[in-house]
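# Coordinates in review
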Amino acid sequence: MKALSRLPVDALRQFCTQYRFFTIDYISDLALLLAKLPFGGLRSLLSEILAEELGEGDAAKAHPEIYDRFLASIGVEPERLERGLPANRAILGGLTEELRHRAPAFGVGLRGMGGECLCQTYLSVMFEHLRTHPYMREHANRIDWEFWTIHTGEQDIVHGELTRQAIDDYIRQDPGALPDLAEGYERSITAWNLFWQNIFDACVPPGRHVMSKTT
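Residues numbered from 1 in each chain as written. Predicted model: local features only at pLDDT ≥ 70, side-chain atom pairs only at ≥ 80, totals over all residues. Heavy atoms only, no water.

This paragraph deals with the overall build of the protein. A tally of helices and strands in the protein yields 9 helices and 0 strands. Counting from the amino terminus, helix and strand elements in the protein follow one another as α-α-α-α-α-α-α-α-α. The C-alpha atoms of the protein give 17 Å as radius of gyration, which agrees with the globular expectation for 215 residues (17 Å, within 12%). C-alpha extents for the protein along the principal axes are approximately 50 × 35 × 30 Å. (Helix = DSSP H or I, 4+ residues; strand = E, 2+ residues; numbered from the N terminus. Rg over C-alpha atoms; globule rule 2.2 N^0.38 Å.)

Attention now goes to the packing of aromatic side chains. Scanning all chains against the criterion turns up 21 aromatic pairs. Note on Tyr19 and Phe147: the rings are 6.3 Å apart at their centroids and 65 degrees apart in plane angle, and the pair reads as edge-to-face. Remark: Phe147 occurs in helix H7 (residues 146–151) and Tyr19 occurs in helix H1 (residues 9–36); sequence separation between them is 128 residues. Taken together, a centroid distance of 5.5 Å and an interplanar angle of 85 degrees make the contact between Phe147 and Trp148 edge-to-face. Looking at Phe147, the relative accessible area reads 1%, which means it is buried. Just above the ring of Phe39 sits the side chain of Arg43; from NZ or CZ to the centre is 4.4 Å. The positively charged end of Arg102 is found above the aromatic ring belonging to Phe106, 4.1 Å away from the centroid. (Phe/Tyr/Trp six-rings, centres within 6.5 Å; stacked < 30°, edge-to-face > 60°. Buried < 20%, exposed > 50% of the residue type's maximum accessible area, 1.4 Å probe, protein only. Lys NZ or Arg CZ within 6 Å of the ring centre and 35° of its normal.)

Mapped onto the fold, Asp29 is located in helix H1. Relative accessible area serves as the criterion here: at 1%, Asp29 is assigned to the buried category. Sequence-distant contacts of Asp29, that is, excluding residues within four places in its chain, are made with Leu95, Thr96, Leu99 and Arg111. (Contact = heavy atoms within 4.5 Å.)

This part takes up the pattern of salt bridges. Here the structure, examined in full by the defined rule, presents 12 salt bridges. For Asp10, the salt bridge identified is with Arg80, shortest N-O distance 2.9 Å. On the criterion of sequence distance, the pair formed by Asp10 in helix H1 and Arg80 in the loop between helix H3 (63–73) and helix H4 (86–101) is long-range, its members being 70 residues apart. Among the ionic pairs, Asp169 bridges to Arg172, the shortest N-O distance being 2.1 Å. Residue Asp169 and its partner Arg172 are located together in helix H8 (residues 154–173), separated by 3 residues, close to a single helical turn. For Asp169, a relative accessible area of 28% puts it in the partly exposed group. (Salt bridge = Lys/Arg side-chain N within 4 Å of Asp/Glu carboxyl O.)

On to the side chain of Asn198, then. Relative to the elements of secondary structure, Asn198 occurs in helix H9 (residues 178–203). Owing to a relative accessible area of 17%, Asn198 belongs among the buried residues under this scheme.

It is worth spelling out H9 at this point. For H9, spanning 26 residues, the distance from its first C-alpha to its last is 37 Å, which sits close to the expected 38 Å at 1.5 Å a residue. Buried within H9 we find Leu181, Gly184, Ser188, Ala191, Trp192, Asn193, Phe195, Trp196, Asn198, Ile199, Phe200 and Cys203. (Expected span 1.5 Å × (residues − 1).)

Okay, the packing of H1 against H9 next. It is at 9 Å that the axes of H1 and H9 come closest, and there the two elements cross at 155 degrees. If you check the angle between H1 and H9, you find them roughly antiparallel. Here H1 and H9 pass one another in a crossing that is right-handed. Residues Ala11, Gln14, Phe15, Gln18, Tyr19 and Phe22 of H1 form the contact with H9, whose participating residues are Trp192, Phe195, Trp196, Ile199, Phe200, Ala202 and Cys203. In terms of residue class, the contact of H1 with H9 is made up of 11 nonpolar, 2 polar and no charged. (Axes fitted to C-alpha atoms, helices over the stretch in contact; angles between N-to-C directions. Parallel < 35°, antiparallel > 145°, perpendicular 65-115°, else oblique. Left-handed = near helix turned anticlockwise from the far one by under 90°. Nonpolar A, V, L, I, M, F, W, Y, C, P; charged D, E, K, R; others polar.)

Turning next to the packing of H1 against helix H2 (residues 41–53). In contact at an axis separation of 10 Å, H1 and H2 are set at 150 degrees when each is read in the N-to-C sense. In terms of their interaxial angle, H1 and H2 are classed as roughly antiparallel. As H1 runs across H2, the sense of the crossing is left-handed. Contacts from Tyr26, Ile27, Leu30, Ala31, Leu33, Leu34 and Ala35 in H1 reach Arg43, Leu46, Ser47, Ile49, Leu50 and Glu53 in H2. When its residues are assigned to classes, the contact of H1 with H2 shows 10 nonpolar, 1 polar and 2 charged.

Let us now look at the environment of Gln14. The residue Gln14 is located in helix H1 in this model. The spatial distance from the C-alpha of Gln14 to the C-alpha of Arg80 is 8.4 Å, given a sequence separation of 66 residues. Setting aside residues no more than four positions away along its own chain, Gln14 makes contact with Arg80, Ala202 and Cys203.

As structure tokens, then:
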């Protein structure tokens, strides 16, 4: 993610735009996971998180809408919002299919641990480097930072902690679910790293390609 601070502005916009597709698919997949889970603490917690992602009844506060306002504030044109990388569309679609056909515990690993817990860590690192870009510093006062305030602040940290605790309780109640959960989490890591690698390959000029599994 260190390369973010040195990207040409148009490449920076393209880079940020590609993340929106993960946000959109995560919401749909979380709804699908909820439909598969048994009643209990984990289902109730994830339903609360899903409601927040959707704006709690206010469409203007749905997180994809908030993210699109961030993109608009850094100069991304509306017609560019649907230009997702085909390879990443395929990755996200494949995760949805696996979630649909696999056991609920697999989905918990895939979109619980792999979505709510893993994503917050990456977004914090992304934001750390994003805000050091000269364009972002120069225009900081007119950029809509609301999405980042939500996803790199105390609220999302608490969500991650509560999700981990709810998953621990879920496993204690059904120890037999652990292999599927671990497989789902491993699958999420593989897909997540490939998702970002595709974005870097498309957006980061040669010579600025700095990436590891966590930075």
